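# Structural features, examined
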Amino acid sequence: MDISLGQIAGLIAALAFLALVIALIRPIGKLSKVLDRLAATVEELTQHTLPAIDEAAKTVRDVNGQVERLDSITSAAARTTEDISAMTTLVTSTVSAPFLAVRRGAEKVKSSFSRQSPEAESDAASSACD
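A brief structural summary. (Residues numbered from 1 in each chain as written. Predicted model: local features only at pLDDT ≥ 70, side-chain atom pairs only at ≥ 80, totals over all residues. Heavy atoms only, no water.)

Glancing now at the pattern of salt bridges. This model, assessed by the stated rule, comprises two salt bridges. A salt bridge links Asp62 to Lys58; the shortest N-O distance between them is 3.4 Å. Here the residue Asp62 and the residue Lys58 both occupy positions in helix H1 (residues 5–129), the gap between them amounting to four residues, near one helical turn. With relative accessibility at 42%, the residue Asp62 sits in the partly exposed group. (Salt bridge = Lys/Arg side-chain N within 4 Å of Asp/Glu carboxyl O. Helix = DSSP H or I, 4+ residues; strand = E, 2+ residues; numbered from the N terminus. Buried < 20%, exposed > 50% of the residue type's maximum accessible area, 1.4 Å probe, protein only.)

On the surface, a nonpolar cluster with roughly 980 Å² of combined accessible area is contributed by Leu11, Leu15, Phe17, Leu18, Leu20, Val21, Ile22, Leu24, Ile25 and Ile28. With respect to the helices and strands, Phe17 occurs in helix H1. The exposed category is assigned to Phe17, whose relative accessible area is 55%. (Patch = residues over 30% accessible without salt bridge, like charges linked within 9 Å, V, L, I, M, F, W, Y side chains within 5 Å. Areas by Shrake-Rupley, 256 points an atom, 1.4 Å probe, with all protein chains shown as cover.)

The next subject is a positive patch on the surface. A cluster of basic residues, Arg26, Lys30, Lys33 and Arg37, forms a positive patch at the surface. By the secondary structure assignment, Lys33 is in helix H1. What makes Lys33 exposed here is its relative accessible area of 56%. (Lys, Arg positive; Asp, Glu negative; His and termini not counted. Charge placed at Lys NZ, Arg CZ, Asp CG, Glu CD.)

Set out below in structure tokens:
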């Protein structure tokens, strides 16, 4: 049995491949463990995340309900403010109208007396000169 140079090269290549496989078994095993841990972590994260998402959705629904209630309260407050403003205007005009009428009358009386005063003074001065 003669071994040729090609057979020796093939045997060396096979041994090199075997050495490579043996050298890679340990890192591939560690990588497998890391991937298993990663899968477990993702599963645990999913288990904790889904309830949190459900709780967040419930909170958003509750907040929407509170916003609707707040909207109705704000609308009622706006109507109340308008009513108070109208009532204030009505009371102001009702109460101030008589005072304004009295003031106008007093001004007319005052202006009529002030118009008569200079004439009365000139009449008195002319009668004193005679």
